[in-house]
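For reference, the chains in residue letters:
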Amino acid sequence: MEVVAVDIGGTHARFAIAEVEGGRVVRLGEVSTQKTAEHASLQTAWQAFEAEVGRALPRAAALAIASPITGDVIRLTNNPWVIRPSLIPERLGADIYTVINDFGAVGHAVAQVSDEHFLHLCGPDEPLPATGITTVCGPGTGLGVAQVFKTGGYYHVLETEGGHMDYSPLDGIEDAFLRRLRRTFTRVSAERICSGPGIVAIYETLAEMEGRAVPSRDDKAIWTEALEGTDSIALAALDRFCLALGAVAGDFALVQGAKGVVIAGGLGFRIKGKLIRSGFDQRFVAKGRFQSMMAKLPVKLITHPQPGLFGAAAAFAQQHTA
């Protein structure tokens, strides 16, 4: 069965035709990327994709949307589109459809992609568990958290708001991060540090501790300089980010009772080389009396180029073809 898979974010909407069967994705076709600012609605972007394909699209849709999926009106935070699931048959011509949160889609991708799409980060170098819970967390614009529960050859994806748990500093430098953020926020969540924008607070705190003037920088500039190694404070901020992410990922795994962990998100993929060489692994296992248990968990990075699209199709396959 063919289905149009769509991954809708604030800046881009990605489309592909997927083949699904028996609850799984058989193939994900060529990806088309549309800029959301160039289209008035999902419907016009859908029509542009149909024109690219050059044939009528399948009458089935799998939509992964960067927004909470509640009610019949979905408004994207950084995108003027408004999506009404009940109008999908009328507007898109899709008789059957699945609508899922974008990070929920990533959870479905983790459950279905083959082992070749995972990079080992730390812990035992073995496949993810065939039963039990796998924790999935992904730093990006925010900090997404989900869990995949496998049992009896079947799996369930549970979306959470774990990224909004309280941030817990582990040393004096991280205490300084917290103090700085409390100037602006009454409550500081893990997402304020372990996300793309979080690098700004880390950078500014480290610069202040060095007695340097604190320039006003956006996160994109800091990430670029950190990854290129052209700014020593930016590079130190990246090191600190990896430490914080290791601690937070370990917290999620401990709370969820995980048997394995997957780091996802576009930012996670960008810093994969740094994660392997950083103190991420030491912070991940540093859970006091549970350190030996944490050291037994395989921790992977998902490297599939389109986990959102693949996961949207996988969610559709599980719902409609299993």
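Keep in mind it's a predicted model, so treat the numbers as computed, not measured.

Draft legend 1. Structural view of the pattern of salt bridges. Within the structure shown, the criterion is met by 17 salt bridges. Measuring nitrogen to oxygen at the nearest pair gives 2.8 Å for the salt bridge that ties Arg 59 to Asp 95. Separated by 36 residues along the polypeptide, Arg 59 in the loop between helix 1 (42–53) and strand 5 (60–65) and Asp 95 in the loop between helix 2 (88–92) and strand 8 (96–101) bring together distant segments of the chain. One salt bridge in this structure joins Arg 240 and Asp 171, with 2.8 Å as the shortest N-O distance. Pair noted here: Arg 240 is in helix 7 (residues 232–256) and Asp 171 is in the loop between strand 12 (154–160) and helix 4 (172–182), with a separation of 69 residues, a long-range link. Among the residues examined, Arg 240 registers a relative accessible area of 14% and is labelled buried. The exposure class assigned to Asp 171 is partly exposed, which follows from its relative accessible area of 24%. A network of salt bridges, in which partner residues are shared, links Asp 171, Glu 174, Arg 240 and Arg 283.

Draft legend 2. Region of the structure containing the packing of helix 6 (residues 219–228) against helix 7. Between helix 6 and helix 7, the least distance of the axes is 8 Å, while the angle of their chain directions is 90 degrees. Between helix 6 and helix 7, the angle falls in the class roughly perpendicular. Here helix 6 contributes Ile 222, Trp 223, Glu 225, Ala 226 and Leu 227 to the contact with helix 7, which in turn contributes Ala 234, Leu 235, Leu 238 and Phe 241. Broken down by class, the residue content of the contact of helix 6 with helix 7 amounts to eight nonpolar, no polar and one charged.

Cut-offs used in this document
Residue numbering note: each chain is counted from 1, following its sequence as written. Owing to the predicted nature of the model, reporting of local features is limited to residues with pLDDT of at least 70; listing and counting of side-chain atom pairs is limited to 80 or more, with chain, interface and lining totals taken over all residues. The side-chain numbers reported here are obtained from all heavy atoms of the structure, hydrogens and water having been left aside. For salt bridges, the criterion is a side-chain nitrogen of Lys or Arg within 4 Å of an Asp or Glu carboxyl oxygen. Helix numbers and strand numbers start at the N terminus; a helix is a DSSP run of H or I with at least 4 residues, a strand a run of E with at least 2. When a residue's accessible area, from a 1.4 Å probe over protein chains only, is under 20% of the maximum for its type it is buried; when over 50% it is exposed; and in between it is partly exposed. Axis lines are fitted to C-alpha atoms, over the contacting stretch for helices. Their N-to-C directions set the angle, which ranges from 0 to 180 degrees. Any angle that is under 35 degrees is reported as roughly parallel, and any over 145 degrees as roughly antiparallel; angles of 65 to 115 degrees are reported as roughly perpendicular and all others as oblique. Here, two residues are considered to be in contact whenever any of their heavy atoms come within 4.5 Å of each other. Each residue gets one label: Ala, Val, Leu, Ile, Met, Phe, Trp, Tyr, Cys and Pro are nonpolar, Asp, Glu, Lys and Arg are charged, and the others, such as Gly, are polar.

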